[in-house]
Amino acid sequence: MTQNMSFPTWMGHIQQRTETALQSHLPTKAVSPARLHDAMAYATLGGGKRVRPLLCQAAGLVFQTSEEALDFPACAVEMIHAYSLVHDDLPCMDDDTLRRGKPTCHVEFDEATALLVGDALQSQAFQVLAEAPVDAVRKVEMIHLLAQASGSRGMAGGQAIDLAATGKNISLEELEFMHLHKTGALIRASVLLGAHCGGADAEALKNLSHFANRIGLLFQVVDDILDVEASTATLGKTAGKDAAQNKSTYVNLLGLAAAKEKAAELRSQAQAALLPLGAGGQRLRELTDYIVERSY
Ligand code: GRG
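Residues numbered from 1 in each chain as written. Predicted model: local features only at pLDDT ≥ 70, side-chain atom pairs only at ≥ 80, totals over all residues. Heavy atoms only, no water.

Undergrad: What's the story with the overall build of the protein in this structure? I'm lost.
TA: Scanning the protein for helices and strands turns up 16 helices and two strands. For the protein, the C-alpha radius of gyration of 18 Å lies close to 19 Å, the compact-globule estimate for 296 residues. With the C-alpha coordinates of the protein rotated into their principal frame, the extents come out at 50 × 45 × 35 Å. Per-residue burial for the protein yields a buried fraction of 53% across its 296 residues. Across the protein, every contact between residues at least 6 apart in sequence was considered, and the portion connecting residues at least 24 apart equals 72%. Working note: accessible area of the protein is about 12500 Å², and carbon and sulfur atoms make up 56% of it. Of the charged side chains in the protein, 26 are positive and 34 negative; the average position of the first set lies 2 Å away from that of the second. (Helix = DSSP H or I, 4+ residues; strand = E, 2+ residues; numbered from the N terminus. Rg over C-alpha atoms; globule rule 2.2 N^0.38 Å. Buried < 20%, exposed > 50% of the residue type's maximum accessible area, 1.4 Å probe, protein only. Contact = heavy atoms within 4.5 Å. Areas by Shrake-Rupley, 256 points an atom, 1.4 Å probe, with all protein chains shown as cover. Lys, Arg positive; Asp, Glu negative; His and termini not counted. Charge placed at Lys NZ, Arg CZ, Asp CG, Glu CD.)

Shown next as structure tokens:
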């Protein structure tokens, strides 16, 4: 039983099963068009912390949902995440050459292929959700949730706000609004997809929604801190990018010490929201600690 596993063992177990499930949901390069399918696998497999699938599995665990059923929303949200990274790295956006410790998709393949990889991964994510082994009502709720979280009122909207704000002075409220959309929306969706897959009731959804909001912001505050404190080798992506691009972050708006205090405050708010879930929220509690204490 996975509940007896230590947190690191459980995390490794979910990361491994996510890798296998992602592989099974991606066309191989034996299927035409080979180059596009090769690039989709390159962008999705063999890297990343899999924080979103972990959150999805941990939220589903609150309702004793099977890992097999949760693989579907976990893979769908990771595909959206992988697509966002490929597009974010493009020359017209962040223009980066290193991701997950290897050349970015457009460097390894080419720009047009990378654009198509993002488009195709996004479609594939919704195909996977449509194939989830849950009843039609839950399925539609999950599809609706992921569409809203990744679209213009979620992640893509947050990216648009980020691009418009680059090089400008913005307030802390504006920064929070941007991060709640750009990064927070998909993190929040990861938790709620797991909960919907498990048939959570309205009360549980309310508590998890509050938790998910806090953890979405927490993830980005820690990301801002790591961009300053960690090396490129540890991060597997270019460190110091925010300052180089003159981007507003929690660190440059608040200072490093206050950004760390903000992270500590968000961690306790997130964990307080889990209290009503009792022992069922254990993995979510552990993941909250992991998000704060991670080194990349
Ligand atoms: C082009 C229509 C269109 C949309 C693009 C690019 C984009 C939408 C959104 C960008 C979202 C983005 C890249 C947010 C950054 C989030 C973030 C902190 C990513 C790093 O996540 P980790 O640390 O990465 O979970 P790993 O590699 O571990 O999965």
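Undergrad: What am I meant to see in the site of the ligand here?
TA: Taken together, the neighbourhood of the ligand is formed by 18 residues, with K49, R52, H81, S84 and R100 sitting nearest. R52 is positioned with one of its side-chain polar atoms (N or O) 2.8 Å from an oxygen atom of the ligand. Within the side chain of R100, a nitrogen or oxygen atom sits 2.8 Å from an oxygen atom of the ligand. The fraction of the free accessible surface of the ligand (750 Å²) that becomes covered by protein chains is 86%. Those elements that provide at least two residues to the shell around the ligand are α4 (67-88), α8 (155-165) and α11 (202-229). Top element by residues in the shell around the ligand is α4. It accounts for six residues. Across the shell around the ligand, the residue classes break down as five nonpolar, seven polar and six charged. (Near = heavy atom within 4 Å. Polar contact = N/O pair within 3.5 Å; in protein donor to acceptor, adjacent residues only side chain to side chain. Nonpolar A, V, L, I, M, F, W, Y, C, P; charged D, E, K, R; others polar.)

Undergrad: What is the right way to read the packing of α4 against helix α7 (residues 136-150) from this model?
TA: To describe two helices that pack against each other, one gives the angle between their axes and the distance between the axes. In contact at an axis separation of 11 Å, α4 and α7 are set at 15° when each is read in the N-to-C sense. When the axes of α4 and α7 are compared, the pair comes out roughly parallel. The way α4 lies across α7 gives a crossing that is right-handed. The residues of α7 that touch α4, namely those facing P73, A76, V77 and I80, are M142, L146 and S150. Split into classes, the residues belonging to the contact of α4 with α7 amount to six nonpolar, one polar and no charged. (Axes fitted to C-alpha atoms, helices over the stretch in contact; angles between N-to-C directions. Parallel < 35°, antiparallel > 145°, perpendicular 65-115°, else oblique. Left-handed = near helix turned anticlockwise from the far one by under 90°.)

Undergrad: How do you make sense of the environment of A58 when you look at a structure like this?
TA: Counting through the fold element by element, A58 comes out in helix α3 (residues 51-61). Of the residues examined, A58 reaches a relative accessible area of 1% and is grouped as buried. Note: C-alpha distance between A58 and G12 (46 residues apart in sequence) is 13 Å. When near neighbours in sequence (up to four residues on either side) are disregarded, A58 contacts W10, R283, L284 and L287.

Undergrad: Just to check I follow, could you spell out the side chain of T44 for this structure?
TA: Mapping T44 onto the fold places it in helix α2 (residues 34-44). If sequence neighbours within four positions are ignored, T44 has contacts with L22, L26, R50, A82, R100 and L121.

Undergrad: What am I meant to see in the packing of aromatic side chains here?
TA: Ring pairs (aromatic) are described by centroid distance and by the angle formed between their planes. Taken as a whole, this structure holds three aromatic pairs when the rule is applied. Relative to Y290, the ring of F7 has its centre 6.3 Å away and its plane inclined at 50°; by these criteria the two rings are tilted. Note that F7 is positioned in helix α1 (residues 7-25) and Y290 in helix α16 (residues 282-293), a separation of 283 residues in sequence. Note on accessibility: F7 and Y290 belong to one class, buried. Ring centres of Y42 and F109 lie 5.4 Å apart, and the angle between their planes is 70°; this geometry places the pair in the edge-to-face category. Of this pair, Y42 sits in helix α2 while F109 sits in the loop between α5 (105-108) and α6 (111-130), and the two are 67 residues apart along the sequence. With a relative accessible area of 17%, Y42 lands in the buried category. (Phe/Tyr/Trp six-rings, centres within 6.5 Å; stacked < 30°, edge-to-face > 60°.)

None of this, on its own, says anything about what the molecule does.
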